[in-house]
Amino acid sequence: MLSRRSSLGASAARLPSGSLLAAPLVVYLLVFYAYPVLLMLSRSVYEKGWTLQVFAKLLRDVVFWRVMQITGTISLIVTIVCLVLAYPVALFLARCKQSTANLLIILVLIPFWTSILVRTYAWMVLLGRRGIINNLLVDTGLIDHPLTLLNTRLAVCVAMVHVLLPFMVLPIYSTLKSLDWRLIRAAEGLGARPLAVFREVLLPLSLPGISAGCILVFTLAIGFYITPALVGGPGDLMISILIGNQVNILDWPPAAAMAVVLLVVVLIIFAGFTRIMRIEKIFQGQR
Amino acid sequence: MGAVGRIAFYVLVVLIFAYLLFPILIVIPLSFSSGKYLTFPPPGFSLQWYVNFFTRSAWTDSAWLSIWVGLLVTVLSTLLGTPAAIGLVRGNFVGKRLVNALILSPVIVPGIIVAIGLYFAYASYGLVGRPLALVLGHTALAVPFVVINVSSTLYGVDRRLEYAALSLGASPWATFRQVTLPLIRPGIFAGAVFAFITSFDELLVALFLSGTTAVTLPRRMWEQIRFDIDPTLASVSTLLITITTSLMVGAELLRRRSERLRTAQIGR
């Protein structure tokens with residue numbers, strides 16, 4: 001009897017078996033997700049035989065490089081603006097009472113979980129030619145004719161920052177939250193000016209959160225489709241849209257090749273993230 | 001920080017919060033407008049755009065489809081994700097990191113790549129235009145949120161409670177049912193909520209897999225937005241905002257309550 005119990009205890013220490021419990025999900029993801037994606041990607045190097053022709057052609061394609069450049073520029077602007085806006089919010093959340101912070105984090109998370117389509121629609125309503133902002137400006141007499149705000153680079157950046165800002169706030173907040181604030185007080189106590197405290201102490205200590213946030217926002221930004229497609233102009237064609245357009249005319253090999261390039265870029269940049277923070281931390285119930 | 005600096009800092013934070021929330025909130029009054037166009041402030045109160053939504057089968061059919069697909073995705077991803085999370089947290093096996101990466105990858109891999117990949121393969125199975133295709137695809141996108149939420153509650157479970165049950169003669173299954181499961185229930189619930197929202201709001205996969213016969217609500221909105229941003233969209237948006245927010249707040253309150261209960265019990 002005693003031995004039976006102890007053997008039960010031992011087996012329970014590693015419940016049935018970890019791999020067995022994960023197996024159904026792994027099989028599911030391999031069959032319905034990983035295999036389809038890899039099969040599609042393989043079209044870039046295989047068509048009735050192995051070939052590198054598609055990539056060779058793609059790398060000489062002017063449109064592709066132009067779109068990559070636009071994608072990179074927009075993603076970079078969005079990342080920088082996100083950082084500038086997210087840092088004060090994260091700092092505020094980390095410094096205020098826990099109950100207040102919990103409440104305000106829900107306010108950050110509501111836009112986070114609101115449909116991206118709803119958020120983009122809201123920006124179209126605000127920025128349109130007869131949109132709320134233009135009407136307001138014309139009615140108050142600040143301008144005579146409505147400004148072109150929609151279908152511009154500005155609109156893309158404003159709407160994308162809005163969608164991605166929570167992804168920057170949360171990692172910075174989590175770093176600031178676990179910071180040893182006695183270091184800041186010590187610097188202040190020793191007579192450092194606020195700006196010096198920020199530059200010499202606070203900023204270096206918040207670097208893990210900042211870099212995690214920047215990597216996350218940048219990788220998500222380069223894969224954007226819906227927002228630039230709706231509020232961008234012809235000059236704001238991003239790589240995802242180009243891939244989608246290629247698929248819509250069923251021209252698979254170049255679409256697959258571009259998808260390979262996009263995926264490799266995303267994975268390389270994201271590899272940096274995994275060295276700093278666990279991705280789970282961003283999506284858990286935040287504290 | 002000086003007083004002026006402090007005030008400037010607070011103003012800045014308030015402005016950033018306004019930027020986050022204002023565009024979402026502005027849609028709500030617009031949806032109750034009695035006007036024909038999107039004017040602000042609305043000329044008067046009317047439910048015409050909601051009537052428009054609820055009486056057009058194009059809208060209601062899509063809404064029902066999205067709800068059904070969302071519910072099936074919730075069930076499927078919870079059934080697949082919960083045991084996987086337990087296996088990953090409690091188990092130790094070769095390739096665990098790889099399995100973890102596979103499960104979390106849909107969060108990072110650009111949506112367009114997943115969407116066209118599924119389109120490419122599912123088209124050859126004749127699945128495009130069928131709700132089943134959406135359920136299968138959305139489950140892959142939703143399952144990371146189940147695994148993440150269940151794992152995070154599981155890390156917080158005091159293992160001595162499980163050992164106690166086992167040493168008192170409970171079988172591993174009974175221990176799971178009667179000890180572990182009640183403790184991780186809030187995580188499972190939160191994961192289920194996020195899984196539902198993920199599917200319910202998903203557009204890119206639907207864009208390629210919906211065909212003309214399985215048009216989800218986001219897909220219908222997308223077509224409408226590109227055609228004309230009429231106030232019916234404001235009413236749909238308001239409904240979506242209400243649903244998402246109440247689900248989210250509900251999950252959050254439940255999580256905090258269970259956390260309080262747990263710490264209270266340990267403190268006793």
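Here, every reference points to the structure presented above.
Thresholds, definitions, all that
Residues numbered from 1 in each chain as written. Chains lettered and ligands numbered in written order. Predicted model: local features only at pLDDT ≥ 70, side-chain atom pairs only at ≥ 80, totals over all residues. Helix = DSSP H or I, 4+ residues; strand = E, 2+ residues; numbered from the N terminus. Rg over C-alpha atoms; globule rule 2.2 N^0.38 Å. Buried ≥ 20, exposed ≤ 12 C-beta atoms within 10 Å, placed from the backbone. Contact = placed C-beta atoms within 7 Å. Nonpolar A, V, L, I, M, F, W, Y, C, P; charged D, E, K, R; others polar.

Q: Would you mind going over the overall build of chain A in detail, with residue names and values included?
A: Broken down by element type, chain A carries 15 helices and zero strands. For 287 residues, the compact-globule estimate of 2.2 N^0.38 gives 19 Å, and the C-alpha radius of gyration of chain A, at 24 Å, exceeds that figure by more than 25%. Counting the 287 residues in chain A, one finds 42% classified as buried. Expressed as a percentage of contacts within chain A between residues at least 6 apart in sequence, the contacts between residues at least 24 apart total 76%.

Q: How would you explain the overall build of chain B if you had to name every residue and give the values?
A: Secondary structure assignment for chain B yields 11 helices and zero strands. Ordered by position from the N terminus, the helices and strands of chain B form the series α-α-α-α-α-α-α-α-α-α-α. When its C-alpha atoms are laid out on the principal axes, chain B stretches across 70 × 65 × 35 Å.

Q: Quick rundown of the environment of Leu47(B)? Include the residues and the values.
A: Residue and element names in this part refer to chain B. Topologically, Leu47 is positioned in the loop between α1 (3-31) and α2 (48-55). Leu47 sits in the partly exposed class, given 13 other C-beta atoms within 10 Å. In this structure the C-alpha to C-alpha distance between Leu47 and Ser34, which are 13 residues apart in sequence, comes to 7.5 Å.

Q: Now, about the interface of chain B and chain A: what can you tell me, with residues and values included?
A: Where interface size is given, it is often the accessible area lost as the parts come together that is meant. If you look at the interface, chain B gives 83 residues, while chain A gives 75 residues. A total of 14 residues in the side of chain B that touches chain A trace back to one element, the largest contributor, which is α1(B). Residue composition of the side of chain B that touches chain A, by class: 62 nonpolar, 16 polar and five charged.

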